[in-house]
Amino acid sequence: MSDRTRVEVDGRQLELSNLDKVLYPAAGFTKAEVIDYYTRVAPVLLPHLRDRPLTRIRFPNGVDQKSFFEKNTPASTPDWVRVETLPAPGSTKGRETIDYVVADDLPTLVWLANLAALELHTPQWKIGSDPDMLVVDLDPGAPAALKECCAVAVRMRDRLAEDGVASFPKTSGKKGMQLCCPISGRQPADLVSAYAKRIAAELEQADPKKITSKMAKQLRRGKIFIDWSQNNAAKTTVSPYSLRAEPLPTVSTPLTWDEVEAATGGRQAAVRPFTTAQVLDRIDEYGDLMTALLDGGPGLPT
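Computed from a predicted model, the values in this text were never measured in an experiment.

What counts, and at which threshold
Residues numbered from 1 in each chain as written. Predicted model: local features only at pLDDT ≥ 70, side-chain atom pairs only at ≥ 80, totals over all residues. Heavy atoms only, no water. Pairing = 2+ DSSP bridges. Helix = DSSP H or I, 4+ residues; strand = E, 2+ residues; numbered from the N terminus. Phe/Tyr/Trp six-rings, centres within 6.5 Å; stacked < 30°, edge-to-face > 60°. Buried < 20%, exposed > 50% of the residue type's maximum accessible area, 1.4 Å probe, protein only. Lys NZ or Arg CZ within 6 Å of the ring centre and 35° of its normal. Expected span 1.5 Å × (residues − 1). Axes fitted to C-alpha atoms, helices over the stretch in contact; angles between N-to-C directions. Parallel < 35°, antiparallel > 145°, perpendicular 65-115°, else oblique. Left-handed = near helix turned anticlockwise from the far one by under 90°. Contact = heavy atoms within 4.5 Å.

(A) Here's a closer look at the sheet that holds strand β6 (residues 68–70). Strand order across the open sheet formed by four strands is β6-β5-β9-β15, with antiparallel pairing between neighbours. With one partner strand each, in any of the chains shown, β6 and β15 (237–238) form the two edges of the open sheet. Across four bridges, strand β5 (residues 55–58) lies against strand β9 (residues 117–122) in antiparallel orientation. Across the sheet, residue Thr55 finds its bridge partner in β9, namely His121.

(B) Focus on the packing of aromatic side chains. Within the structure shown, the criterion is met by two aromatic pairs. Each ring, one from Tyr24 and one from Phe29, has its centre 5.7 Å from the other, and the planes form 85°; the classification is edge-to-face. No difference in accessibility class separates Tyr24 from Phe29, as the two residues are buried. Here the basic side chain of Arg157 rests over the ring of Trp257, its NZ or CZ set 4.7 Å away from the ring centre. Note that Arg282 overlies the ring of Phe274, its terminal NZ or CZ placed 4.4 Å from the centroid.

(C) How the structure looks around the sheet that holds strand β12 (residues 177–182). The strand order β11-β12-β10-β14-β13 describes an open sheet built from five strands, whose pairing is mixed. If you trace the sheet from one side to the other, it starts and ends with β11 (168–171) and β13 (211–212), each paired once. Pairing between strand β10 (residues 133–140) and strand β14 (residues 224–227): four bridges, direction antiparallel. Following the sheet pairing, Asp139 is matched in β14 by Phe225.

(D) Expanded view of the pairing of β10. With eight of eight residues buried, β10 is to be regarded as a mostly interior element. Residues Met133, Val135, Asp137 and Asp139 line one face of β10 and the alternating positions Leu134, Val136, Leu138 and Pro140 line the opposite face, and both faces are buried. Relative to β12, β10 runs antiparallel, the two being bridged by six bridges. If you follow Val135 over to β12, its bridge partner there is Cys180.

(E) Helix α3 (residues 146–162), seen in detail. An ideal rise of 1.5 Å per residue puts 24 Å on 17 residues; α3 measures up with 24 Å between its terminal C-alpha atoms. Leu146, Cys149, Cys150, Val152, Ala153, Val154, Met156, Arg157, Arg159 and Leu160 are the residues of α3 that are buried.

(F) Main features of the packing of helix α1 (residues 31–49) against helix α2 (residues 106–114). Closest axis-to-axis distance for the α1/α2 pair is 9 Å, and the angle between their directions is 140°. Judged on the interaxial angle alone, α2 and α1 are oblique. In terms of crossing hand, the pair formed by α1 and α2 is right-handed. Of α2, the residues touching α1 (which contributes Lys31, Val34, Ile35, Tyr38, Thr39, Ala42, Leu45, Leu46 and Leu49) are Leu106, Leu109, Val110, Ala113 and Asn114.

Quick look at the structure:
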């Protein structure tokens, strides 16, 4: 295979490089396979990326080598890629603004995959809007694992439902999971974060031996940490259907609540880090289990 290949994607000309480079050595999974996955998953992934500034984690030499976060647009960005200059809250480099890539279309997604941007992370807000999504991250402290995450997810689902807030579960693609909740998009991030913190504290108070809402790592052993802080304006969360940098090409995968409930009863295999092939099969079976996120939701109680 030649080092560079010219392709046309939806009328855009792209030059792909080093397609036979192995990016997941334990699986022999190549850059060509990464691009193929993102091309095939694009119909369900792109709606979740649309109008959101994109943070990428790039692994140019594979997941077992050095990586780097990238928010700003690379110097080689094609002129047809959508770029938005936005404020940079919490910038570690003291920048007031960042020129973000916005992945609204398939050519942009393929271009990013060719740059080995394996992980795609977005904020809980669209450009020009307050948060339209509340995210709760469930992080297990060993020996707790996904089974325990699922049990807390069900409790969190039921508590949020009392306030009229729907929640949609997904794996992180690593050891934990997240609940994503559509909200109105008309309340500031500090209010959303305060609400998430309050609900997390309620669940911790109800079962302090299994749940913590505090960030200190020494408090997490054997518990599920409910990370409410993901709703900060400066934070991002891995997107549904994004690859993760694990030994195998695992994906942040939407789940059914039946699967989550089954896992709490001992069938942990019902919820696990799914690989690209498994995720594509799941899409054939279920479609996008998170499509309701795109429709908006209620305001949160204050």
